[in-house]
Amino acid sequence: MSKNYTEASTNGLGLPTMQNFAAVAATRPTRSNAEIAHDFLNLEFRMESGRAIAHFSRFDGPITVQLNGDVPTSANAEMSRVINRLRDEAGLPVSFAKAGDNPSITIEFQPRAQMVKVVPMAACFVVPRVQSWAEYKAERNGPKVDWTTMTSREHVAIFVPSDAAPQEIRDCLNEETAQALGPLNDLYQLTDSVFNDDNFNSVLTGSDMLTLRVHYAPELRNGMNEAEAAKYVPGVLARLNPAGNFSGRDFEEMAPRSWVAAVEGAFGPRGGAASRLRASDLMLSIALAQGWHDSRLAFSYYAKGRSMASAQPAEAVAALSKAAAIYRSIPGAQVHVAHVDMQLAAIALAAGQPGQAIAFSDRAIPVAKRAENASLLATLMLIKAEAMQNTGRVDEAKVLRLDSLGWARYGFGSERQVRARMAEISNLGAQGRRG
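Heads up: these notes are all about the structure in this document. (Residues numbered from 1 in each chain as written. Predicted model: local features only at pLDDT ≥ 70, side-chain atom pairs only at ≥ 80, totals over all residues. Heavy atoms only, no water.)

**Brief notes about the state of the cysteines**
Per the counting criterion, the structure on display carries one disulfide. Here C124 connects covalently by a disulfide to C172, the sulfurs 2.1 Å from one another. Of note, the bridge from C124 to C172 carries an S-S torsion of about -90° and is left-handed in sense. Linking C124 in the loop between α3 (112-118) and β4 (125-128) with C172 in helix α5 (residues 166-181), this pair joins segments that are 48 residues apart in sequence. Among the residues examined, C124 registers a relative accessible area of 11% and is labelled buried. Accessibility expressed as a relative area gives 2% for C172, which makes it buried. (Disulfide = S-S within 2.5 Å. Helix = DSSP H or I, 4+ residues; strand = E, 2+ residues; numbered from the N terminus. Buried < 20%, exposed > 50% of the residue type's maximum accessible area, 1.4 Å probe, protein only.)

**Some points on unusual backbone geometry**
Outside of glycine, negative phi angles account for most residues, and trans bonds account for most peptide bonds. Positive phi outside glycine occurs at N199, with the angle close to 65°. Among the structural elements, N199 can be located in the loop between α5 and α6 (206-215). Its identity is not glycine, yet E372 carries a phi of approximately 60°, on the positive side. Inspection of the secondary structure puts E372 in the loop between α13 (354-370) and α14 (374-390).

**Some words on the nonpolar core**
Ranked by size, the top nonpolar core spans 73 residues in total, and within it W259, M283, F299, Y327, V340 and I383 carry the most contacts. If sequence neighbours within four positions are ignored, M283 has contacts with W259, A262, V263, A266, F267, F299, S300 and A303. Within the second largest apolar cluster, 41 residues are counted, among which are M47, V156, C172 and M209. (Core = buried A, V, L, I, M, F, W, Y, C linked by side-chain atoms within 4.5 Å. Contact = heavy atoms within 4.5 Å.)

**A look at the pairing of β4**
Side chains of β4 alternate between two faces, with F125 and V127 and V126 and P128 buried alike. Judged from the four bridges that link them, β4 and strand β5 (residues 156-161) form a sheet pairing that is antiparallel. Counted as the bridge partner of V126 is I158 from β5. (Pairing = 2+ DSSP bridges.)

**Quick look at the pattern of salt bridges**
Counting across every chain of the model gives 19 salt bridges. Between R419 and E415 there is a salt bridge, with its nearest N and O atoms 2.9 Å apart. Taken together, the residues span about one helical turn, with R419 and E415 both in helix α16 (residues 415-434) at a distance of four residues. Judged by relative accessible area, R419 falls into the buried class, the value being 18%. One connected set of salt bridges, linked through shared partners, spans R31, D39 and D192. (Salt bridge = Lys/Arg side-chain N within 4 Å of Asp/Glu carboxyl O.)

**Describing helix α7 (residues 226-240)**
Between its first and last C-alpha, α7 extends 20 Å over 15 residues, near the 21 Å set by a 1.5 Å rise per residue. A bend of about 30° at Y232 is the largest found in α7, and the proline P234 appears one to four places after it. Those residues of α7 lying buried are A229, V233, V236, L237 and L240. Along its buried surface, α7 packs onto α1 (33-44) and α6. (Expected span 1.5 Å × (residues − 1). Bend = angle between axes of the 7 residues up to and from the residue.)

Any functional reading would require information that these geometric values do not contain.
What follows is the structure, encoded as structure tokens:
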């Protein structure tokens, strides 16, 4: 793939043209239909807060989308891709709204600083029954924007930061459009879905497309309660996904709110390293007490390893290795393993083990490409380049570092953020050389 480089900047590296992912083959659901049916009902009739949703709701007829506000350069192309995939893979009648239309889904872009004043913890979010940021601010504390009162959908608004990195914009368009159209909940045990707040999957998967196909199946209708929907969902899945008619694993119940709150503490923007470590310890203790052996236990070990990577690398490697072992046992969790490998590669680089850092990176790079995760891909490439430099392969390292920067621009956005990630990894390499 050809690249055009800008003029060299102060550190001698120009930033190349931003890279983009080509179309990739659609993934297939990895769970049995019985598991999917159980998870589908939990996605449809629960909110993330744990509140019950009394009635099933969806759009009737054609669905139109309109982008408003300070629309970023990449947003139209990214939304076109989402719409095309929804039409082709989920069979949904979704299209851009024409001039003068009253759109079903309004996607409004606002500066992040304005959004965090109103919703501090949300990168992007979806709201019912409003069509603008101004209308949402006026109604945000009232019943109009309460999803649990819905029996059908006519207008939904999605709010996305206009100054986010291109990958974050794409992720928001995938995830929030899926919730605007379909289920409102997220389940941490779903490794093959964007309906999961662990953020490992950020582009709609084959499992997500199946979920949306079930959501719009003719057997279901607006206003159904959970018991009524449960009568039809198994048959719908048997019809839509005959490959899923096999014996699966035991059903997993939703995580308690105490564990979800610990996740927010371990990965949220607030607090320092000590508070994140305490939160990850709480995650792990709850997961073990619950007797989990699924991705939630792996995620707890991942959180603990991630929080200890700098101060306690040996303990971090032990926790991350446990996370990887669990993830490898779960179908559809390859990108989760790649994230673990990135953490292990960074630790190896800082520990003066460049060969090990290269091996972890080489294993994860193809997975990051398939998952269309540019920030993960760029980080892995930068770690590998730094490790190559530490083994004397200076020219190869320079080429790989340059190759990584086009992905970094997509994944991290601004030049300042790209160079901050480069400096972070360069410091790990310097630490490894000193060791």
